[in-house]
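Remarks on the overall topology
Read off the chains here:
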Amino acid sequence: MDRKVRVRFAPSPTGALHLGGVRTALFNYLFARHHGGDFLLRIEDTDQTRYVPGAEEYIIESLKWCGLTVDEGVGVGGEYGPYRQSERKPLYKQYALQLIESGNAYYSFDSAEELNQQRKDYESRGETFMYNAATRVNLKNSLTMSAEEVKSLLDSGANYVIRFKMPENEDLLLHDIIRGEVHFNTSLLDDKVLFKADGMPTYHLANIVDDHLMKISHVIRGEEWLPSLPLHVLLYRAFGWEDSMPEFAHLPLILKPVGNGKLSKRDGNKMGFPVFPMEFTDPETGEKWHGYREDGYFPEAFINMLALLGWNPGTEQEIFSLDELCKLFTLDRVNKSGARFNPDKAKWFNHKYLVQKTDSELATQLNEFLVKDGITYDMRKLEKICHLLKERANFVADIYHSSQYFYKAPQSYEEKGVKKFWKEGTPELMQELITILEGVKDFTSANTEEAVKGWVETKQIGFGKVMSPFRLAIIGSADGPHLFDIIEILGKEETLTRLHRILETL
RNA sequence: GGCCCGUUCGUCUAGGGGUUAGGACGCAAGAUUUUCAUUCUUGAAACACGAGUUCGAUUCUCGUACGGGCUACCA
């Protein structure tokens, strides 16, 4: 069947979108772009009890930060709206009723307590209770009650739900784009609730109705939905929509870096890496969660990292722009098995992107840190600093932290370095060094280096004997980039001041 | 427990009936360097197990183990 590719990302606004959710959105987006199709955003807020204020805004903002442009849906609009299921509420009941009429669904009047009791009873016998063909004949529903009884119950405003009438002992051979053939037997499935007592549809009903109405061509979602695939396919069949049923692709899950199970929001704060794209504060508990954005990740790096979690193009390339990903992405190269999340690799991706950034771009970001500290520094010099330090940084914050000595002279000198490099005769050498440097007119890295090297050669001493204490004087410790590059940025005056200072201090 | 899915270095993965099983992260060593890094080079490191099919299986089939998911009037 040849039809326009239309995919949707359909999160439920129950909290912040986490890594797995963003990746599902990403794969949907890439698939849409690869095929020149539409990428929709639908909000599945059918559970009023789990609604978290701000979650929807968070989702929209996250997609935006990631650069995943929504073509149609919440916040954008489109001809198949509304795209928030709560706003589509009046729509769903007729579909549930339609299913009752066609004999594919029925009213069920059992209370939650009664059902819980049943479950307990079964459990105590070592069995599992299932509301299906085997048990529904003994329960309170429109299949076992007379039409009059049902009507009077309905008229009296009694609580009811509408359940799907799962066929008995039918073998289903379903197709999944990623997994191939998947087999189910309907006798092992239960009569899922389609329509709740509160007048809202469940996920299953709303999802199928909306996907159909919105002409969705491919359903790309997490593997946790694979067990409901038979229900969903059966629903399409019951509605008579089989011809336009979307194809399904179930994505492997993202697992915890260590330990068992899928990645959860707890893992982030526990292990010191973000699981959310952006910072999130739980409005109920006030608990705060780190975000990739605030932790200094570039959205391109974040997306690149996610894309390679469960997918790869089959080449050895690892760095991809979003455009490249759109061109290369196909579902047949998505893995079947769950992927353990690796925070180290996430940092590495960010490093790769950091190095690619221009010095001026980085300087602008570095400057934001300095502004907070009340420091003003020449932008040209900040660019040079970024150029010098970016190779050894994962984040702009790393550059900020490791460039402190540019903004203020060392307050103390690293003990280990002093012990190792500040020997007898060192003060005299530093004194001489001052004279040498004073004589350098144009204080560039090349000029100072040439002057110092020439002097060291004529003195017949080891270069290290001079450079190590010199470094100590300038930055206070024994690390950092090429020293002559540093003092070029610092300038002659500051360099000499720092040399004088160390002579006074030690 | 039941149902469904999965299993290549520690991790992400490529590959696929006959390969020195490739890459990346991380780790280690060496070279370079005034230091610390970077960079470069090198190294350690994997086909879960058992049967079957086959001349040959890591690759195909089955079983086992292990891992994961689902099993709500949540999504």
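In what follows, the accompanying structure is described. (Residues numbered from 1 in each chain as written. Chains lettered and ligands numbered in written order. Predicted model: local features only at pLDDT ≥ 70, side-chain atom pairs only at ≥ 80, totals over all residues.)

**Structural notes on the protein's contact with RNA strand B**
- Around RNA strand B, 62 residues are found, and the nearest of them are Ser12, Glu44, Ala197, Asn260 and Ser337.
- Those elements that provide at least two residues to the surface near RNA strand B are helix H4 (112-124), strand S7 (180-185), strand S14 (339-340), helix H11 (343-356), helix H19 (463-475) and helix H20 (483-490).
- Sort the elements by how many residues they give to the surface near RNA strand B and H19 lands first, with five residues. (Near = placed C-beta within 6 Å. Helix = DSSP H or I, 4+ residues; strand = E, 2+ residues; numbered from the N terminus.)

**Here we look at the pairing of strand S2 (residues 38-41)**
- Going residue by residue along S2, you find Asp38 and Leu40 tucked away on one face and Phe39 and Leu41 tucked away on the opposite face as well.
- Pairing of strand S1 (residues 6-9) with S2, which is carried by four bridges, proceeds in the parallel orientation. Its bridge partner being in S2, Phe9 is matched across the sheet by Leu41.
- The pairing of S2 with strand S3 (residues 72-73) spans two bridges and is parallel. Following the sheet pairing, Leu40 is matched in S3 by Glu72.
- With helix H2 (residues 55-66) bridging S2 and the parallel S3, this β-α-β connection has right-handed handedness. (Buried ≥ 20, exposed ≤ 12 C-beta atoms within 10 Å, placed from the backbone. Pairing = 2+ DSSP bridges. Right-handed = clockwise from strand over helix to strand, strands pointing away.)

**Quick look at unusual backbone geometry**
- Following Gly81, the chain continues into Pro82 via a peptide bond in cis, with omega recorded as -5°.
- One non-glycine residue, Lys215, lies in positive phi territory at about 55°.
- Here Lys215 shows up in the loop between helix H6 (203-213) and strand S9 (218-222).
- With 14 C-beta atoms counted inside 10 Å, the residue Lys215 sits in the partly exposed group.
- A positive phi angle, close to 60°, is found at Gln460, a residue other than glycine.
- The topology assignment puts Gln460 in the loop between helix H18 (445-459) and H19.
- Take Gln460: there are 6 C-beta atoms within 10 Å of it, and that puts it in the exposed class.

**Overview of the sheet that holds strand S4 (residues 105-108)**
- Read from one edge of the open sheet, three strands run S4-S5-S8, paired in antiparallel fashion. On the outer flanks of this sheet lie S4 and strand S8 (193-195), each paired with one strand and no other. Put simply, the sheet's adjacent strands are angled 45° from each other on average, direction ignored.
- Pairing of strand S5 (residues 161-164) with S8 involves two bridges; the strand directions are antiparallel. Bridging from a neighbouring strand, Ile162 pairs with Phe195 of S8. (Axes fitted to C-alpha atoms, helices over the stretch in contact; angles between N-to-C directions.)

**Notes on the nonpolar core**
- Ranked by internal contacts, the top residues of the largest apolar core, which has 60 residues, are Leu26, Phe302 and Leu306.
- Here the element with the most residues in this core is helix H1 (residues 19-34); it accounts for nine residues.
- Setting aside residues up to four positions removed in sequence, Leu26 forms contacts with Leu68, Ile303, Leu306 and Ala307.
- Ranked by size, the runner-up nonpolar core spans 34 residues in total, among them Cys386, Val396, Tyr400 and Ile502. (Core = buried A, V, L, I, M, F, W, Y, C linked by C-beta atoms within 7 Å. Contact = placed C-beta atoms within 7 Å.)

**So, the pairing of S9**
- For S9, the tally of buried residues reaches four of five residues, placing the bulk of the element in the interior.
- As defined by bridge partners, S9 adjoins strand S10 (residues 247-251) across five bridges and the pair is classed as parallel. Its bridge partner being in S10, His218 is matched across the sheet by Glu247.
- Read as a crossover between parallel neighbours, the route from S9 over helix H7 (residues 229-239) to S10 is right-handed.

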